[in-house]
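Letter by letter, the chains look like this.
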Amino acid sequence: MSDAPRTTMETGVAATDLAAATSRTVQAGTPILRAESVSKWFPVDEGLFRRAHKQVRAVDGVSLDVFPGETVGLVGESGCGKSTFGRTILRLVDPTYGRLFFEGEEITQLGQRELRPLRRKMQIVFQDPYSSLNPRMTVKQIVGEALQIHGLAKNARDEEAQVAELLRRCGMRAEAMTRYPHEFSGGQRQRIGIARALAVDPRFIVCDEPISALDVSIQAQIVNLLQELQEERKLAYLFISHDLKVVEYLSHRVAVMYLGRIVETASAKSLFERRHHPYTRALMSAVPVPDPKKRTLRVLLEGDVPSPIDPPSACTFHPRCPRFEKGTCDVETPELRELTPGSGHQVACHFPEDA
Ligand SMILES: Nc1ncnc2c1ncn2[C@@H]1O[C@H](COP(=O)(O)OP(=O)(O)OP(=O)(O)O)[C@@H](O)[C@H]1O
Ligand SMILES: [Mg+2]
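For every chain, the first residue of the written sequence is number 1, and numbering continues from 1 along that sequence. The order in which chains are written sets their letters, starting at A; the order in which ligands are written sets their numbers, starting at 1. Local features in a predicted model are, by the rule used here, given only for residues with pLDDT of at least 70; side-chain atom pairs are given and counted only at 80 or more, and totals for whole chains, interfaces and linings are based on all residues.

For helices the rule is a DSSP run of H or I covering at least 4 residues; for strands it is a run of E covering at least 2, with both sets numbered from the N terminus onward. Each residue after the first adds 1.5 Å to the expected span of a helix. Compared with the 26 Å implied by 1.5 Å per residue over 18 residues, the 26 Å span of helix α8 (residues 216-233) between its first and last C-alpha is a close match. The set of residues buried in α8 consists of Gln219, Ile222, Val223, Asn224, Leu225, Leu226 and Gln227. Each residue is represented by a C-beta atom placed from its backbone, and any two residues with such atoms within 7 Å are regarded as in contact. Residues of α8 that are buried sit in contact with α7 (186-198), β7 (204-208), β8 (236-240) and α9 (244-250). Positive backbone phi, at 55 degrees, marks lysine 234, one or two positions downstream of α8. A residue is called partly exposed when the number of other C-beta atoms within 10 Å of its own lies between 12 and 20, exposed at 12 or fewer, and buried at 20 or more, with C-beta atoms placed from the backbone.

Bringing the sheet that holds strand β2 (residues 55-66) into the picture now. A sheet is described by the order of its strands in space; here four strands give the open sequence β2-β1-β4-β5, paired in antiparallel fashion. Each having just a single partner strand, β2 and β5 (105-106) make up the two edges of the open sheet. Only strands that DSSP links by at least two bridges are regarded as paired with each other. Inspection of the sheet shows strand β1 (residues 33-43) paired to strand β4 (residues 97-102) by five bridges, in the antiparallel sense. Looking at β4, one finds that leucine 33 is bridged to phenylalanine 102.

The subject of this paragraph is the confidence of the model for the protein. Residue-level confidence of the predictor is what pLDDT reports, using numbers from 0 through 100. Mean pLDDT over the protein works out to 88, with 86% of the residues at or above the 70 mark. This stretch, residues 1-25, has a pLDDT under 50; its non-local contacts, to residues over four places away or in other chains, come to 32 contacts. For the stretch residues 295-299, pLDDT sits under 50, and the model shows 22 contacts to residues farther than four places along the chain or on other chains.

Read from one edge of the open sheet, eight strands run β6-β7-β8-β3-β9-β10-β14-β13, paired in mixed fashion. In this open sheet, the two strands that pair with only one neighbour each are β6 (122-125) and β13 (337-338). With five bridges connecting them, β7 and β8 associate as parallel partners. Across the sheet, cysteine 207 pairs through a bridge with phenylalanine 239, a residue of β8. Strands β3 (71-75), β9 (253-258) and β10 (261-267) of the sheet are contacted by helix α11 (residues 278-285), whose axis makes an angle of about 100 degrees with β9. Here an axis means a line fitted to C-alpha atoms, over the contact stretch when the element is a helix, while the angle between two N-to-C directions is reported on a 0 to 180 degree scale.

Within the structure, ligand 1 sits among Phe42, Val56, Ala58, Gly76, Ser78, Gly79, Cys80, Gly81, Lys82, Ser83, Thr84 and Pro308. The set of elements that each furnish at least two residues to the shell around ligand 1 consists of β2 and α3 (82-89). With three residues, the single largest contributor to the shell around ligand 1 is α3. In terms of residue class, the shell around ligand 1 is built from five nonpolar, six polar and one charged. We call a residue near a molecule or strand when the C-beta position, derived from backbone atoms, sits within 6 Å of it. In this count, Pro and Cys sit with the nonpolar residues alongside Ala, Val, Leu, Ile, Met, Phe, Trp and Tyr, while Asp, Glu, Lys and Arg are called charged and the others, Gly among them, polar.

Backbone phi values are negative for most residues with the exception of glycine, while trans is the configuration of most peptide bonds. Despite not being glycine, aspartate 201 has its phi angle at roughly 55 degrees, a positive value. Looking at where aspartate 201 falls in the secondary structure, it is placed in the loop between α7 and β7. The phi angle at glutamate 209 is positive, at roughly 50 degrees, despite the residue not being glycine. For glutamate 209, a count of 21 C-beta atoms within 10 Å translates into the label buried.

Okay, here's the thing in C-alpha cells:
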C-alpha cells in the first residue's frame, strides 16, 4: 500500500465530515447504475410452500441510483436481501420485476452475449476471499484469467506485467504470482480478489461484505485500499456490510433494507445524524454479536425477522415496531418519501421519528 499521507480509518477523522466533503460532488450526471422497482423472487422448492407455489420475496421493489465515484452503503439484518440485490443489479441473477440501467442504457433484457462487454465494467468482490478464489489456480492465473477473457493482454509477457502491476497496486509483491490462494492470509486473499476485480478496469463494484471475514486489524487496510482505488479510478461501489461504523466511514449515501425493501435512505451524514425509521434506529442501537457460522458480527433486534415467503401485510416491519398503529401500519404500505423536501433523506414509515 502507498505510504503517502492521507485520511485513513486509523486517523479517526469523523466519517460524517468525510462523507459531507464529497457527497455534494458525486451525485452528478447519469447514474452508473439505476435500479427501478427491482424485485427478485425465488420459487420455493420445498414442502408445503412449494405446493402452494409460494415465492421468497428476497428483493421486493427496490429503486436505487449509484453515481460514478460514489459509494452507496447497503445495510440490514441477515436475510433481508442485500446479496440478492447486489447479484441482481449485476445481472448475475435475473430480476423478476423492474428495470435496470447501466450508464444510462437499459440492461434488464440483455442476454449473456450482450452482457459480456458490460461484465468488464461491473465486478463483484465477495465476503470470503477463499471460497471465491479457485484453489487450483495460481494467483497469476486467477488475476490473468480476467485479462484473457476480455482480451486485455497483448501477449503472455504483457499479461504478466499487468498482473504484477495490479498486485502491486493492491499491496502484494509480484512473487505472489506463482503461489496458490491457500498460501495467503485472509487479508492477502482479499487483496488478490480485489486485484482480480480490478484487472478489467471496472467502473462499478459490488462489495458484498468484503471485510466481514477478516481480522479487525486487517479490515481498515482493506477499507483504505478500496477508498484509494475509488479516488484513483472514480470507481462506484455498492458496499454491503453489517458494520455500520465502516458503512458510515466509507459511504456517501446509505440505504437501509428490511425484508427486501428499502425503508430509509439518505446521505451518510444525514442518516447517522438523524434516523427516522424505527427499524434504522433499532439497527443502529443493536449490539452486534458474533455469528460463528459466518465469522461475522450479526445485529440482533427484538423478535425474529419474519419470513420473506409470507411477509407481514403493508409495512412489513409492523409486528416488531414500537410505533405500530393498528389499522394503518398493517393496512397501508408506506411509500418511501422525503420528510423535508429537497433533503434527499427518504423514509418509508407512517409515523417516522423526529419528523
Ligand atoms: N437462490 C435462492 N433461492 C431461494 N431463496 C433464496 C436464494 N438466495 C437467497 N434466498 C433467500 O432470499 C432472502 C435474502 O437472502 P440474501 O442472501 O440476499 O440476504 P442478505 O441480506 O445478503 O443476508 P446476509 O446478511 O446473511 O448475507 C433470504 O430469505 C434467502 O434465504
Ligand atoms: Mg449476503
